[in-house]
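# A closer look at the structure
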Amino acid sequence: MTSPAQRPPLFRSGDRMIAGVCSGLAAHLGWPVKYLRIGMVLASFAGGAGLMFYAWLWVLVPTADEGARRLASSIGPAVSASLPAPNAPLSAGGSPSARPAVPWFSGRRFQYGKELLLGAGLIFVAGILIARQLGVDLPLGTLIPAAAILGGAAIAWMQLDETRRAGLVDKTKADQAGGWVRLAAGLALVVAGVLVMVSGSGSWEQTWLALLASVAVLGGVVLVLLPWGLKFWRDLETERAGRVRETERAEIAAHLHDSVLQTLALIQRRASSEQDVVRLARAQERELRGWLYRDQAAGSGQLADRIKAVAAEVEDTHGHMVDVVSVGDTVMGERHEALVQAAREAMLNAARHGGGTVSVYLETSDAGSEIFVKDRGPGFDPEAVPKDRLGVRESIIGRMKRHGGTAAISSGPSGTEVRLSLPAAGPDERNGEGRP
Amino acid sequence: MNAAGTAGDGGNQRRIRVVVVDDHAIFRSGLKADLDSRIDIVGEAGSVEEALRVIAEQRPEVVLLDVHLPGGLGGGGREVISKSAHMLGSTSFLALSVSDAAEDVVAVIRAGARGYVTKTISGPGISDAVIRVADGDAVFSPRLAGFVLDAFGTSPSDIADDELDRLSARELEVMRLIARGYSYKEVAKELFISIKTVETHVSAVLRKLQLSSRHELTKWAAERRLL
């Protein structure tokens, strides 16, 4: 924690034998991993110092991605267990094999972790037994309680699920290094105290009494700390809920900023042009409506959606309101695309030559799809359209005929209506679809 | 604003007493400016409680009612209608909404509103709608007609069906034309019937929409969380 600035931060590495302590340490110190591992094993024979040190680092040093998550959480809301760890290449040091980030104590590693812990414990016990066989006098009175305390702590720590653990770690490191120092000091004091108590007392009877007293004291402490603990827990929950709300609010704010506020600013600048204002307002209304009421289930490959999108496009280019009413819906097919294009042409004509709102009505049933595009313009005589004007003749009537549909145009003084009709897939197309 | 023009109105026209209920004051004043001289605004309200009080005091012929209103139990315009249900004989409700979401619209219609128009409707359009509702007719926007067709289906009824559960062939035709953007007058012309007949058909459809417990309609409504 007090490493010079140039050093990579101390993280447990993803490239590991047991828990990534050695390789992490190696990356941190800039030493070869191999020597560190050998040194750690050798140190283990020196009264178990290496093992203790290893366990200590295992508990206290975060994994690379956990560290990254903490870094991220100090910047913004941390909801990202899958966040790519920016520090991983650093802490992995010489090993460029950037493995997929595994969360701290994740399920997969946790399985092996348990077995490894158990194995380590058994090896430890075996070592003691062998040493006794060889006649070495070991301070069993010290070792057994120490092992018990460590085991108990490990079990207690494992009981917490990952999020709670993350939350607790987040809380304890509220003031960064200070929190860890306090936690470590407290833990060391407890361990030392119990050890002194157990090994210092001569008889088991005294130990028993002392134990009773300790339990009483612990009970008292729990009684005192319980309300604090509960409050702590509730704060944590509130904070988490608040963070979720905050994220949602931020999303809404971002959306409103990108859309509504921008449009309002534009409207203020263009206030003199009524048509621009109407167009902006309509486009914004449509966008906001889509955002608020959009049907999550409906895919974008639906005919009604396509027609609405086309209507929106026409509305944007010509500044005429285009109202779409749709009844029923169907999945888009190739022939439907022709229908959409013909409808688009009809809407464009209506917006260009008609007046007022353009009404579009789409009705889809088993029999087929029908689209009606109506405007309130002065009307025109469909027969009088010059031959060279391809808009109506080609883009609407011709296109519908080519795809097995019909188009009819009726025009009068009160407006023009284009009726497009596309029967449901005929036998030809069914066969076509039937082929793989 | 429109009160000044009464004297020159010829006197042969009765003025329709209207209460405007909308929580946006800007929209209320815009609406007042838009409504023509045949209409007399006798009260305004901005919340459910206020609306209930003003409607009970003034007993207007028509209430122009925003679907989304603060106050009350959170039911908005629907709540106003259902709590004024005893007055539905003498007072008609015309729902106004910026939202064209089916759940909002169909909920107020089923509560007893005589029609529904969007807030983007033109000034003459809203005046005509108020007068139509005051005459006891129903006002359908293209979108409401679309909802009706969606809910009742687009095939005409058989004789065996309960009459509330399906639209007749004629009613379907009328609904289709309204959905296509036709005015009542244009519908009448297109179908070679009188406007009065169109109004009768539309009122019949409204009644079906309000009273039908048809399986498909309830399912349709349930899917859209209307019930």
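Above this text you will find the structure in question.
Residues numbered from 1 in each chain as written. Chains lettered and ligands numbered in written order. Predicted model: local features only at pLDDT ≥ 70, side-chain atom pairs only at ≥ 80, totals over all residues. Heavy atoms only, no water.

A few words on the overall build of chain A. Counting its secondary structure elements, chain A contains 15 helices and five strands. In chain A, which comprises 436 residues, the proportion classed as buried is 30%. Long-range contacts, defined as pairs at least 24 residues apart, comprise 64% of the intrachain contacts of chain A with a sequence gap of at least 6. For chain A, the accessible area works out to roughly 26,400 Å², and carbon and sulfur atoms hold 64% of it. (Helix = DSSP H or I, 4+ residues; strand = E, 2+ residues; numbered from the N terminus. Buried < 20%, exposed > 50% of the residue type's maximum accessible area, 1.4 Å probe, protein only. Contact = heavy atoms within 4.5 Å. Areas by Shrake-Rupley, 256 points an atom, 1.4 Å probe, with all protein chains shown as cover.)

Residue and element names in this part refer to chain A. Between helix 1 (residues 21-29) and helix 3 (residues 49-60), the shortest axis-to-axis distance is 10 Å and the interhelical angle comes to 80 degrees. When the axis of helix 1 is compared with that of helix 3, the two are roughly perpendicular. The residues of helix 3 that touch helix 1, namely those facing Val21, Cys22 and Leu25, are Phe53, Tyr54, Leu57 and Trp58. (Axes fitted to C-alpha atoms, helices over the stretch in contact; angles between N-to-C directions. Parallel < 35°, antiparallel > 145°, perpendicular 65-115°, else oblique.)

Another aspect to go through is helix 7 (residues 169-179) of chain B. Residues that lie three or four places apart on an α-helix share one face, since the helix turns once every 3.6 residues. Buried residues dominate helix 7 of chain B, accounting for eight of its eleven residues. Along helix 7 of chain B, the positions that sit buried rather than exposed are Glu171, Leu172, Val174, Met175, Arg176, Leu177, Ile178 and Ala179 of chain B. Where helix 7 of chain B is buried, its residues contact strand 1 (322-327) and strand 2 (358-365) of chain A together with helix 6 (142-152), helix 8 (184-191) and helix 9 (195-211) of chain B. Two residues or fewer after helix 7 of chain B comes glycine 181 of chain B, characterised by a positive phi angle close to 100 degrees.

This part is about the packing of aromatic side chains. The geometry of an aromatic ring pair comes down to the distance between the two centres and the angle between the two planes. Residue and element names in this part refer to chain A. With the rule as written, the count across this model stands at two aromatic pairs over all chains. Consider the rings of tryptophan 228 and phenylalanine 232, whose centres lie 5.6 Å apart with planes at 20 degrees: the pair is stacked. Within this pair, tryptophan 228 and its partner phenylalanine 232 are both found in helix 10 (residues 204-269), separated by four residues, close to a single helical turn. Given a relative accessible area of 55%, tryptophan 228 falls into the exposed group. Relative accessible area serves as the criterion here: at 22%, phenylalanine 232 is assigned to the partly exposed category. When the centroid spacing of 6.0 Å and the interplanar angle of 25 degrees are considered together, the rings of tyrosine 361 and phenylalanine 372 count as stacked. (Phe/Tyr/Trp six-rings, centres within 6.5 Å; stacked < 30°, edge-to-face > 60°.)

How big an interface is tends to be stated in terms of accessible area lost as the parts join. Contacts between chain B and chain A engage 18 residues on the former and 18 residues on the latter. Of the roughly 1,600 Å² buried where chain B meets chain A, counting both sides, 45% is carbon and sulfur surface. Between the two partners, chain B and chain A, sit five salt bridges. Glutamate 190 of chain B is the partner of arginine 419 of chain A in a salt bridge, and the nearest nitrogen-oxygen pair spans 3.7 Å. If you look at where chain B meets chain A, you find six residue pairs in polar contact (both at pLDDT 80 or more). Residue contributions to the side of chain B that touches chain A peak at five residues, all from helix 6 of chain B. Its residues placed into classes, the side of chain B that touches chain A shows six nonpolar, five polar and seven charged. (Buried area = accessible area lost by both parts, 1.4 Å probe. Salt bridge = Lys/Arg side-chain N within 4 Å of Asp/Glu carboxyl O. Polar contact = N/O pair within 3.5 Å; in protein donor to acceptor, adjacent residues only side chain to side chain. Nonpolar A, V, L, I, M, F, W, Y, C, P; charged D, E, K, R; others polar.)

Let us now look at the packing of helix 6 of chain B against helix 9 of chain B. Residues and elements named next belong to chain B. At a closest axis distance of 12 Å, the pairing of helix 6 and helix 9 adopts a crossing angle of 55 degrees. One element, helix 6, and the other, helix 9, form an angle in the oblique class. Handedness of the helix 6/helix 9 crossing: left-handed. Taking contact as the criterion, the partners of Leu144, Val148 and Phe152 in helix 6 are, on helix 9, Val205, Lys208 and Leu209. A class-by-class count of the residues in the contact of helix 6 with helix 9 yields five nonpolar, no polar and one charged. (Left-handed = near helix turned anticlockwise from the far one by under 90°.)

So, on to the sheet that holds strand 5 (residues 415-423) of chain A. All names here are of chain A. Spatially, five strands are ordered 1-2-3-5-4 in an open sheet, and the strand pairing comes out mixed. Of all strands in the sheet, those with a lone pairing partner are strand 1 and strand 4 (406-412), marking the two edges. Averaged over all neighbouring strand pairs, the angle between strand axes comes to 10 degrees, with direction disregarded. (Pairing = 2+ DSSP bridges.)

We now examine the pattern of salt bridges. One pass over the full model with this rule turns up 31 salt bridges over all chains. Across the pair lysine 32 of chain B and glutamate 44 of chain B runs a salt bridge, and its minimum N-O distance is 2.5 Å. In this pair, lysine 32 of chain B is assigned in helix 1 (residues 25-34) and glutamate 44 of chain B in strand 2 (residues 39-45), connecting sequence segments twelve residues apart. In this structure, lysine 83 of chain B engages glutamate 79 of chain B in a salt bridge whose closest nitrogen and oxygen atoms are separated by 2.8 Å. One end of the pair, lysine 83 of chain B, and the other, glutamate 79 of chain B, are both in helix 3 (residues 76-83), four residues apart, so they sit about a helical turn from each other. We classify lysine 83 of chain B as partly exposed; its relative accessible area is 41%. One salt-bridge network, held together by shared partners, links Arg282, Glu285, Arg286, Glu315, Asp316 and Asp323 of chain A.

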